[in-house]
Protein chains: 2
Amino acid sequence: MAEDYVELIAELIESRGEARPVEIAERFGVKPPTVTKNISRLKAAGLVRREPYRAIFLTDAGQELAEACRRRHRIVVAFLLSLGIDEETAERDAEGIEHHVSETTLKAFEQALVPSQSDT
Amino acid sequence: MAEDYVELIAELIESRGEARPVEIAERFGVKPPTVTKNISRLKAAGLVRREPYRAIFLTDAGQELAEACRRRHRIVVAFLLSLGIDEETAERDAEGIEHHVSETTLKAFEQALVPSQSDT
DNA sequence: GGCAAAAGTTAGACATGGCTAAGTTTTCTA
DNA sequence: TAGAAAACTTAGCCATGTCTAACTTTTGCC
């Protein structure tokens, strides 16, 4: 859960300047109270900074985690695309796969990617 | 959960003739009460047949699900191996990945496999 | 500036999947 | 064949992640 949340929060801050519970709820297809509860767990875990009724921001730890997650996500998606999978499916499957690939497998994905495109 | 369980139960029945809670607990690294509880859920879901204190067997539905899971598992593992990943990592990662790959991605994995080896 | 709508929170319920402690059943073996 | 060991179950606890209903705060607009 934490990984998906910090990843999305980082994206929202980048594209919108701030991350709001209502957008998180929409993106994950859950209800607002679920987001509130999960955000407070993230706060307890030291991953986000936040005051009630205010936007959500990442701590340094949160930013590091988000960056690691986004890197994995990028690699997995690029790899699936390189296999000829359509974008929508690649995104959807990557979402599930990215939390389960070891660094070893990630490296192998990157390797297999090099011949076709120079991404990272 | 159900998928992992029926998959393992099928394997145990094949290799041992029956599936016992104690072996399931060991393989999943959980305690026996957890297995008891989960098995009763599988029973409620119509996937296994079972009397208290006896071995566990799959219903027809359970066998079908197990077969589908084992196929996916086989494909994912073969694919990871074809990427040059070591067996242990391939097995471990496949365990996590197999529940998140769409049929589309699975097909792509199979496709990408053909040039190197004829498995399936 | 005040009120309605939107956003967010709190409280309380439920399902899943894990645990320990304690009891029961089955199996093994002396 | 009895008693000990192993296997299994029950009961009750906890954390996670979801929900609805009801309430509070903030925002936006007339």
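Before any of the text, the structure's been laid out above.
1. Quick notes on the packing of helix α1 (residues 2–16) of chain A against helix α2 (residues 21–28) of chain A
Residues and elements named next belong to chain A.
- Across the interface, α1 lies against α2 with an axial gap of 11 Å and an inter-helix angle of 120 degrees. In terms of their interaxial angle, α1 and α2 are classed as oblique. Relative to α2, α1 is oriented so that their crossing is right-handed. Between α1, through D4, Y5, L8, I9, E11, L12 and R16, and α2, the contact on the second element is made entirely by E23, I24, R27 and F28.
- When its residues are assigned to classes, the contact of α1 with α2 shows six nonpolar, no polar and five charged.

2. A word on the pattern of salt bridges
All names here are of chain A.
- This structure, assessed with the given rule, holds 20 salt bridges over all chains.
- Residue R72 pairs with E3 through a salt bridge whose shortest N-O separation is 2.7 Å. Linking R72 in helix α4 (residues 60–82) with E3 in helix α1, this pair joins segments that are 69 residues apart in sequence.
- With a relative accessible area of 14%, R72 lands in the buried category.
- Between E110 and R71 there is a salt bridge, with the nearest N and O atoms lying 3.9 Å from each other. A residue pair is termed long-range when its members are at least 10 positions apart, and E110 in helix α6 (residues 103–113) and R71 in helix α4 qualify at 39 residues.
- Assessed through its relative accessible area of 21%, E110 is described here as partly exposed.
- Each of R71, E103, K107 and E110 takes part in a single network of salt bridges with overlapping partners.

3. Brief notes about the protein's contact with DNA strand D
- Neighbouring DNA strand D are 21 residues, the closest being K37 of chain A together with R20, V22, T36 and R50 of chain B.
- Restricting the count to atoms of DNA strand D within 4 Å of the protein gives a sugar and phosphate share of 65%.
- Interatomic distance of 3.0 Å between a side-chain N/O atom of N38 of chain A and a phosphate oxygen of DNA strand D.
- In the environment of DNA strand D, a phosphate oxygen lies 2.3 Å from a nitrogen or oxygen atom belonging to the side chain of R50 of chain B.
- Those elements giving two or more residues to the surface near DNA strand D turn out to be α3 (32–44) of chain A together with α2 (21–28) and α3 (32–44) of chain B.
- Within the surface near DNA strand D, the residues separate by chemical class into ten nonpolar, four polar and seven charged.

4. A short note on the side chain of T89 of chain A
- By secondary structure assignment, the location of T89 of chain A is in helix α5 (residues 87–97).
- Among all residues touching T89 of chain A, those that are not within four sequence positions of it are S102, T104 and T105 of chain B.

5. So, a negative patch on the surface
Residue and element names in this part refer to chain A.
- A surface patch of like charges, here negative, comprises D86, E87, E88, E91 and E95.
- Relative to the helices and strands, E95 resides in helix α5.
- On the accessibility criterion, E95 (34% relative accessible area) is partly exposed.

6. Comments concerning α4 of chain A
- Relative to the 33 Å expected for 23 residues at 1.5 Å per residue, α4 of chain A spans 33 Å between its end C-alpha atoms, a close match to the ideal helical length.
- Along α4 of chain A, the residues that are buried comprise G62, A66, C69, R70, R72, H73, I75, V76, V77, A78, F79 and L80 of chain A.
- As for α4 of chain A, its buried residues are in contact with α1, β2 (56–58), α5 and α6 of chain A together with α4 (60–82) and α6 (103–113) of chain B.
- Trailing α4 of chain A by a residue or two, G84 of chain A shows a phi angle of about 95 degrees, which is positive.

Conventions adopted
Residues numbered from 1 in each chain as written. Chains lettered and ligands numbered in written order. Predicted model: local features only at pLDDT ≥ 70, side-chain atom pairs only at ≥ 80, totals over all residues. Heavy atoms only, no water. Axes fitted to C-alpha atoms, helices over the stretch in contact; angles between N-to-C directions. Helix = DSSP H or I, 4+ residues; strand = E, 2+ residues; numbered from the N terminus. Parallel < 35°, antiparallel > 145°, perpendicular 65-115°, else oblique. Left-handed = near helix turned anticlockwise from the far one by under 90°. Contact = heavy atoms within 4.5 Å. Nonpolar A, V, L, I, M, F, W, Y, C, P; charged D, E, K, R; others polar. Salt bridge = Lys/Arg side-chain N within 4 Å of Asp/Glu carboxyl O. Buried < 20%, exposed > 50% of the residue type's maximum accessible area, 1.4 Å probe, protein only. Near = heavy atom within 4 Å. Polar contact = N/O pair within 3.5 Å; in protein donor to acceptor, adjacent residues only side chain to side chain. Patch = residues over 30% accessible without salt bridge, like charges linked within 9 Å, V, L, I, M, F, W, Y side chains within 5 Å. Areas by Shrake-Rupley, 256 points an atom, 1.4 Å probe, with all protein chains shown as cover. Lys, Arg positive; Asp, Glu negative; His and termini not counted. Charge placed at Lys NZ, Arg CZ, Asp CG, Glu CD. Expected span 1.5 Å × (residues − 1).

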